[in-house]
Amino acid sequence: MRLSGRQIDCIRGGRGVFSGLDFETSSGEVLAVVGPNGSGKTSLLRLIAGLLVPAGGSIDLEGGEAELTLPEQSHYLGHRDALKPALSVHENLAFWRDFLGGKIGELSQCLSAVGLGHATHLPAAYLSAGQRRRLSIARLLVVRRPVWLLDEPTSALDTAGQDLFVGVMREHLASGGIIIAATHTPLGIGARELRMGGAT
Amino acid sequence: MTALAALIRRDIRIAVRVGGGALIGVLFFLTVTVLMPFAIGPDLALLTRLGPAILWFGALLASLLTLDRLFTADHEDGSLDLIVMGRAPLELACAAKALAHWLAAGLPLIVATPVLGLLLNLDATATAAVALTLLVGTPALTFTGMIGAALAVTLHRGGLLLAVLVLPLSIPVLIFGVAASQAAITGPLSFGTPFSILCALSLVSLVVGPFAAAASLRHGLD
């Protein structure tokens, strides 16, 4: 699988964020998007996820499932955790599994994998920031998607959580996945860097 | 289909839990209807004549009250991004959300109508007529209101904008809803004519609402 973008222009709120951006990554690779605040890291991820429309250029995935679009084959882990405080940990994850089309019966396994096995019936409102992040990461595990788009994935995670996440990413890469991560801190895993320009 | 069923189940579950919107809507409906006789005065004949209009107005405001959370809640916590990216068509996802909203917030209003009819001195026929028109008409309120909710999703303080956007759209529903109820009570018009138009309005909104909401969500995300 190969994911590439050519000559991408991004305009948000009438201001050019970046233009003429090229990137390329393939199965088993991590592309770390680095750069100062406001350089368009999140915008790039949202463009790939289909949540923003590029002002120019194209993004292509080769070798994916032909009848599905790129966003439909991607996981997006954004700043916001997409959790409902009124629902329990288990219910939150079960909803995303059913909505995104995962297999039945892997929930408790995924929750233990991210270290939340003891808190399945706790309402998500009572989770700490790190636990919320862990629950979001469980979403990546419960439904298989080849492309992972991660925005500051390790923020709020403790050291053990970061190690755990490195393991999760390694497993994903070993199964032929692609990871594009916007980050300020080293991911703890070998990655190619895509440096975004400074804000002008 | 599992995706849409999961969405409906989740939204209903959130609505009936503590802090959800389902009960708030009914309580608001109750309050508006109970306050009305105090404003109008203890004239029973007048109350009977105004009853259907009061009930319809209460239901309209109550359904508007909870409608602004339809998409903003999902937008604020990032769920909306994932719903847009999902494999279920966005139009169907919007329809599923509106259906869940109606089941959780619209249906209780109709169940409460007979009780509130008593307060307004409506007899059994009149109450049944109002309840029936509400049953047919409130889906139209929800599905047209959804368009406004989708437009307001990316704006801060969208809730206020929603009322301005949605209320004019609900005028036809209000006219024919009240007309059908009045026709059943006093005549001279037959009940069937305005009721059929009300049904037609609902059916149109069921079709147009999801497409319009999905289109505005796609353009509004940023």
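About the cut-offs
For every chain, the first residue of the written sequence is number 1, and numbering continues from 1 along that sequence. Numbering of ligands from 1 and lettering of chains from A proceed in the order in which they are written. Whole-chain, interface and lining totals are the exception, using all residues; otherwise, since this is a predicted model, local features are given only for residues with pLDDT of at least 70 and side-chain atom pairs are given and counted only at 80 or more. Note on conventions: DSSP H or I runs of at least 4 residues are helices, E runs of at least 2 residues are strands, and numbering of each starts at the N terminus. We compute the radius of gyration over the C-alpha atoms and compare it with the globule rule, which gives 2.2 Å times the number of residues raised to the power 0.38. Exposed residues have 12 or fewer other C-beta atoms within 10 Å of their own C-beta, buried residues have 20 or more, and partly exposed residues fall in between, where C-beta atoms are placed from the backbone. Placing a C-beta atom from the backbone of each residue, one calls two residues in contact when those atoms lie within 7 Å. The rule for pairing is simple: two strands pair if DSSP sees at least two bridges between them. Convention adopted: a line fitted to C-alpha atoms gives each axis, helices being fitted over their contacting stretch, and angles between N-to-C directions are expressed from 0 to 180 degrees. Orientation labels follow simple angle bins: below 35 degrees gives roughly parallel, above 145 gives roughly antiparallel, 65 to 115 gives roughly perpendicular, and whatever is left gives oblique. It is the rotation of the near helix from the far one that decides the hand of a crossing: anticlockwise by less than a right angle makes it left-handed, clockwise makes it right-handed. Any residue outside Ala, Val, Leu, Ile, Met, Phe, Trp, Tyr, Cys, Pro, Asp, Glu, Lys and Arg is labelled polar, Gly included; the first ten of those are nonpolar and the last four are charged. Any set of buried Ala, Val, Leu, Ile, Met, Phe, Trp, Tyr and Cys residues joined through C-beta atoms within 7 Å is what this text calls a nonpolar core. By this rule the span expected of a helix is its residue count minus one, scaled by 1.5 Å. Taking the helix axis as origin, the arc is that swept by the directions to the C-beta atoms.

Some points on the overall build of chain B
Part 1 of the reasoning: Within chain B, the secondary structure is distributed over ten helices and zero strands.
Part 2 of the reasoning: Against the 2.2 N^0.38 benchmark of 17 Å for 222 residues, chain B shows a C-alpha radius of gyration of 18 Å, consistent with a compact globule.
Part 3 of the reasoning: Across its three principal directions, the C-alpha atoms of chain B cover 55 × 35 × 30 Å.
Part 4 of the reasoning: Put simply, chain B has 222 residues, and 49% of those count as buried.

Structural notes on the overall build of chain A
Part 1 of the reasoning: Regarding its fold elements, chain A presents five helices and eight strands.
Part 2 of the reasoning: Walking chain A from its N terminus toward its C terminus, one meets helices and strands in the order β-β-β-α-β-β-α-α-α-β-α-β-β.
Part 3 of the reasoning: Scaling as 2.2 N^0.38, a compact globule of 200 residues should have a C-alpha radius of gyration of about 16 Å, and chain A matches this with 17 Å.
Part 4 of the reasoning: Counting only C-alpha atoms and orienting by the principal axes, one finds that chain A spans roughly 50 × 35 × 30 Å.
Part 5 of the reasoning: For chain A, with 200 residues in total, the buried portion stands at 42%.
Part 6 of the reasoning: Sequence-distant contacts, at least 24 apart, represent 73% of the contacts inside chain A between residues at least 6 apart.

Some details on the sheet that holds strand S1 (residues 2-12) of chain A
Whether parallel or antiparallel, the strands of a sheet pair through hydrogen bonds between backbone atoms.
Residue and element names in this part refer to chain A.
Part 1 of the reasoning: Overall, antiparallel pairing links the three strands, which are arranged S2-S1-S4 in an open sheet. Of all the strands in the sheet, the pair left with one neighbour each is strand S2 (15-26) and strand S4 (56-62). Within this sheet the neighbouring strands show an average axis-to-axis angle of 15°, counted without direction.
Part 2 of the reasoning: In the sheet, S1 pairs with S2 via eight bridges, with the strands oriented antiparallel. Its bridge partner being in S2, Ile11 is matched across the sheet by Gly16.
Part 3 of the reasoning: Across the face of the sheet, helix H1 (residues 41-48) comes into contact with S1, S2 and S4 while running at roughly 120° to S1.

Points about the sheet that holds strand S3 (residues 30-34) of chain A
All names here are of chain A.
Part 1 of the reasoning: One open sheet accounts for five strands, arranged S5-S6-S7-S3-S8; its pairing is parallel. The open sheet is flanked by strand S5 (74-77) and strand S8 (192-195), the only strands paired with a single partner. Strand-to-strand twist in this sheet, taken as the mean axis angle between neighbours without regard to direction, amounts to 15°.
Part 2 of the reasoning: As paired strands, S5 and strand S6 (residues 147-151) are joined by four bridges and run parallel to one another. Paired with His75 across the strands is Trp148, a residue of S6.
Part 3 of the reasoning: Those strands touched by H1 are S3, S6 and strand S7 (178-182), and its axis lies near 150° from that of S7.

Considerations on the packing of helix H7 (residues 124-151) of chain B against helix H9 (residues 171-185) of chain B
All names here are of chain B.
Part 1 of the reasoning: Where H7 meets H9, the closest approach of the two axes is 9 Å, and the angle between their N-to-C directions is 165°. When the interaxial angle is binned, H7 and H9 end up roughly antiparallel. H7 and H9 meet at a crossing whose hand is right-handed. Where H7 abuts H9, its residues Thr125, Ala126, Ala129, Val130, Thr133, Gly137, Ala140 and Leu141 lie against Val173, Gly177, Ala180, Ser181, Ala184 and Ile185.
Part 2 of the reasoning: Grouping the constituent residues of the contact of H7 with H9 by class yields nine nonpolar, five polar and no charged.

A few points about the interface of chain B and chain A
Part 1 of the reasoning: Taken together, the 21 residues of chain B in the interface contact 22 residues of chain A.
Part 2 of the reasoning: Residue assignment for the side of chain B that touches chain A shows that the elements contributing at least two residues are helix H1 (2-16) and helix H5 (79-85) of chain B.

Thoughts on the nonpolar core
Part 1 of the reasoning: Grouped together as the largest cluster of nonpolar side chains are 120 residues, with contacts concentrated most on A:Ala138, A:Leu149, B:Met146, B:Ala149 and B:Ala150.
Part 2 of the reasoning: Non-local contacts of B:Ala149, meaning those with residues more than four positions away in its chain, are made with B:Leu67, B:Asp68, B:Leu70, B:Phe71 and B:Leu162.

What to know about helix H2 (residues 22-40) of chain B
Residues and elements named next belong to chain B.
Part 1 of the reasoning: The terminal C-alpha atoms of H2, which comprises 19 residues, lie 28 Å apart, in line with the 27 Å expected from a rise of 1.5 Å per residue.
Part 2 of the reasoning: Of all the positions in H2, only Ala22, Gly25, Phe28, Phe29, Thr33 and Met36 are classed as buried. The buried residues of H2 all sit within an arc of 130° when viewed along its axis, so they share a single face. Those residues of H2 that are exposed and angled more than 90 degrees off the buried face are Thr31, Leu35 and Phe38.
Part 3 of the reasoning: Summarising the contacts, the buried residues of H2 are in contact with H1, helix H3 (44-67) and helix H6 (90-119).

A short note on helix H5 (residues 159-174) of chain A
Residues and elements named next belong to chain A.
Part 1 of the reasoning: The end-to-end C-alpha separation of H5 is 23 Å, in line with the 22 Å expected for 16 residues at 1.5 Å each.
Part 2 of the reasoning: The inward-facing, buried residues of H5 abut helix H4 (129-142), S6 and S7.
Part 3 of the reasoning: Looking one or two residues past H5, Gly176 carries a phi angle of roughly 90°, positive in sign.

Quick notes on the packing of H7(B) against helix H10 (residues 192-220) of chain B
Residue and element names in this part refer to chain B.
Part 1 of the reasoning: Axis separation between H7 and H10 bottoms out at 7 Å; the angle between their running directions is 20°. It follows from the interaxial angle that H7 and H10 lie roughly parallel. Along this stretch, H7 crosses H10, giving a crossing that reads as left-handed.
Part 2 of the reasoning: Looking at the contact of H7 with H10 residue by residue, the class counts come to 16 nonpolar, eight polar and no charged.

Considering unusual backbone geometry
Residues and elements named next belong to chain A.
Part 1 of the reasoning: Unusually for a residue other than glycine, Ala82 sits at a positive phi of about 55°.
Part 2 of the reasoning: Structurally, Ala82 can be placed in the loop between S5 and helix H2 (89-100).
Part 3 of the reasoning: Given 22 C-beta atoms within a 10 Å radius, Ala82 is considered buried.
Part 4 of the reasoning: One non-glycine residue, Ala156, lies in positive phi territory at about 75°.
Part 5 of the reasoning: You can see Ala156 is positioned in the loop between S6 and H5.

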